[in-house]
Amino acid sequence: MELADATAMLARTPDTLRTLLSGLPRQWLHRDDGPETWSAYDILGHLRHGDATNWLPRAQMIIEHGTGRAFEPFDRVAMLREAPQPVDELLTAFADARRRSLEQLAARGLTDADLDRPGSHPELGEVRLGQLLAAWVAHDLTHLGQVGEVLARRYRTDVGPWRRYMPALDAVAPAE
């Protein structure tokens, strides 16, 4: 895991989401695949909440406490209980949170040796800082794909016979 590559990828997520979601009408933003699934708006909220309460706090816990203190459980659906806000405000809040997270991570001056530091996950057991950071990148990319797929499924039936070439139109990704 290359820290510079990981942080460069993480820095791209807010702009990617802004390009995809800014200015979209409600029927695009809030379209989901039914119960226990998320809309693009929900996914954005989940990513913002993760930056505020999950990734960087867990990295800091590994650095400061090692395996001596387990991570706090992450509430994956906290964003569903938050008051709705305009998507552009949520995009800005996410971009600001991500920028702060990456600035704080950079301020730690982590080395390759630091990436091997162990921490304690409440479900997974011992994890390494490098694994946590790699999971953060993979998490972002997975949710970017999920955003694209939930948006694409709006045209599930409209694509006609091309649907056979687009398996994502028939998949339904459950909420994380």
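Let us look at the structure shown here. (Residues numbered from 1 in each chain as written. Predicted model: local features only at pLDDT ≥ 70, side-chain atom pairs only at ≥ 80, totals over all residues. Heavy atoms only, no water.)

The description of two packed helices rests on the angle between their axes and on the distance between the axes. Running from N to C, helix α1 (residues 3–21) and helix α5 (residues 87–107) cross one another at 170°; their axes reach a closest spacing of 9 Å. Comparing the axis directions of α1 and α5 gives the class roughly antiparallel. On α5, the residues touching Leu 3, Thr 7, Leu 10, Ala 11, Thr 13, Pro 14, Leu 17, Arg 18 and Leu 21 of α1 are Val 87, Asp 88, Leu 91, Thr 92, Phe 94, Ala 95, Arg 98, Leu 102 and Leu 105. Residue classes in the contact of α1 with α5 are distributed as 12 nonpolar, three polar and three charged. (Axes fitted to C-alpha atoms, helices over the stretch in contact; angles between N-to-C directions. Helix = DSSP H or I, 4+ residues; strand = E, 2+ residues; numbered from the N terminus. Parallel < 35°, antiparallel > 145°, perpendicular 65-115°, else oblique. Contact = heavy atoms within 4.5 Å. Nonpolar A, V, L, I, M, F, W, Y, C, P; charged D, E, K, R; others polar.)

For the rest of this paragraph, the subject is the environment of Glu 149. Among the structural elements, Glu 149 can be located in helix α6 (residues 129–152). By relative accessible area, Glu 149 is classed as partly exposed at 30%. C-alpha of Glu 149 to C-alpha of Ala 40: the two residues are 109 residues apart in sequence and 9.2 Å apart in space. (Buried < 20%, exposed > 50% of the residue type's maximum accessible area, 1.4 Å probe, protein only.)

Tallied over the entire structure, the rule returns 15 salt bridges. Here Glu 82 makes a salt bridge to Arg 48, at a shortest N to O gap of 2.6 Å. In this pair, Glu 82 sits in the loop between α4 (55–65) and α5 while Arg 48 sits in helix α3 (residues 40–53), placing the two residues 34 residues apart along the sequence. Glu 82 gets classed as partly exposed once you look at its relative accessible area, which sits at 30%. Looking at Arg 48, the relative accessible area reads 15%, which means it is buried. Taken together, the shared-partner salt bridges connect Arg 31, Asp 33, Glu 149, Arg 153 and Arg 156 into one network. (Salt bridge = Lys/Arg side-chain N within 4 Å of Asp/Glu carboxyl O.)

Turning our eyes to something else, we now look at α3. Its 14 residues place the ends of α3 20 Å apart at the C-alpha level, agreeing with the 20 Å of an ideal helix rising 1.5 Å per residue. Burial within α3 is extensive, with 12 of its 14 residues counted as buried. Looking at α3, one finds that the buried residues are Ala 40, Tyr 41, Asp 42, Ile 43, Leu 44, Gly 45, His 46, Leu 47, Arg 48, His 49, Gly 50 and Asp 51. (Expected span 1.5 Å × (residues − 1).)

Our next topic: the nonpolar core. Ranked by internal contacts, the top residues of the largest apolar core, which has 20 residues, are Leu 105, Leu 110, Leu 129, Leu 132, Leu 133 and Trp 136. Those elements that provide at least two residues to this core are α1, α4, α5 and α6. Ranked by residues supplied to this core, first place goes to α4 with six residues. Beyond its immediate sequence surroundings of up to four residues, Leu 105 is in contact with Leu 3, Thr 7, Leu 56, Leu 110, Leu 133 and Trp 136. Listed in part, the 19 residues of the second largest apolar core include Leu 17, Leu 21, Trp 38 and Leu 44. (Core = buried A, V, L, I, M, F, W, Y, C linked by side-chain atoms within 4.5 Å.)

Relative to the helices and strands, Asp 42 is located in helix α3. We note that Asp 42 is buried and unpaired, the nearest opposite charge coming from Arg 26 at a distance of 9.0 Å. Apart from residues no more than four positions distant in its own chain, Asp 42 is found in contact with Thr 37, Met 79 and Leu 80. (Lys, Arg positive; Asp, Glu negative; His and termini not counted.)

Here we come to the layout of surface pockets. Taken as a whole, the largest pocket spans an internal volume of roughly 340 Å³. Listed by contribution, the elements that provide at least two residues to the lining of the largest pocket are α4, β2 (125–128) and α6. If one sorts the elements of the lining of the largest pocket by residue count, α6 sits on top with four residues. Tallied by class, residues from the lining of the largest pocket come to nine nonpolar, four polar and five charged. In this structure, the second largest pocket spans a volume of roughly 150 Å³. The wall of the second largest pocket is formed by His 30, Tyr 41, Asp 42, Gly 45, Met 79, Leu 80, Glu 82, Ala 83, Pro 84, Gln 85 and Leu 90. Within the lining of the second largest pocket, the residues separate by chemical class into six nonpolar, three polar and two charged. (1 Å grid on protein atoms, 1.4 Å probe; cavity = no way out; pocket = protein on both sides within 12 Å on 5 of 7 lines; lining within 4 Å. Points joined across faces, edges and corners; volume = space filled by probe spheres on them.)

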